[in-house]
Amino acid sequence: RLGLFAQFDAIVDPQSLHHGKPDPEIYRAAQELLKLQADDVISFEDAPVGIAAIKAAGQFAVGIGEASALAAADYLVSTTDQLDYNQIVAAFERYHAR
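Residues numbered from 1 in each chain as written. Predicted model: local features only at pLDDT ≥ 70, side-chain atom pairs only at ≥ 80, totals over all residues. Heavy atoms only, no water.

Caption draft 1: Seen up close, helix α2 (residues 48–56). Within α2 the residues assigned to the buried category are G50, I51, A53 and I54. In an axial view of α2, the angular spread of the buried residues amounts to 160°, which keeps them on one side of the axis. Among the structural elements, α1 (25–33), β1 (42–45) and β2 (60–64) are those in contact with the buried residues of α2. Backbone geometry just after α2 places G58 at a positive phi near 80°. (Buried < 20%, exposed > 50% of the residue type's maximum accessible area, 1.4 Å probe, protein only. Helix = DSSP H or I, 4+ residues; strand = E, 2+ residues; numbered from the N terminus. Arc of directions from axis to C-beta. Contact = heavy atoms within 4.5 Å.)

If you want it as structure tokens, here you go:
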């Protein structure tokens, strides 16, 4: 409805999946469609089960919401207004430099 399909290189239809979150299937499916390795992916979530799914897929998790609920995220912001590309990339690079 928003006319955003052309903005995405791949879309995973949740109806095509066998498992829901916290199973990592949806994140792995997107990764495979994009022909990426887990170490190359930054995924975003606003729910604890989503963060668990991202981590189970071996990907870098950006949590958006309450810190106490999303403590397992690798990078955390309270709202989408706080998302900053450069800060996320810097956190991603620090994460992989460990």
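Moving on from the model shown.
Caption draft 2: The arrangement of the side chain of Q59 in detail. Its place among the elements puts Q59 in the loop between α2 and β2. One polar contact links the side chain of Q59 to the main-chain carbonyl oxygen of Y27, over a distance of 3.2 Å. A distance of 2.9 Å separates a polar atom in the side chain of Q59 from a polar atom in the side chain of Q31. Once residues within four sequence positions are removed from consideration, Q59 is found in contact with Y27, R28, Q31, A38, V41, S43, I54 and D74. (Polar contact = N/O pair within 3.5 Å; in protein donor to acceptor, adjacent residues only side chain to side chain.)

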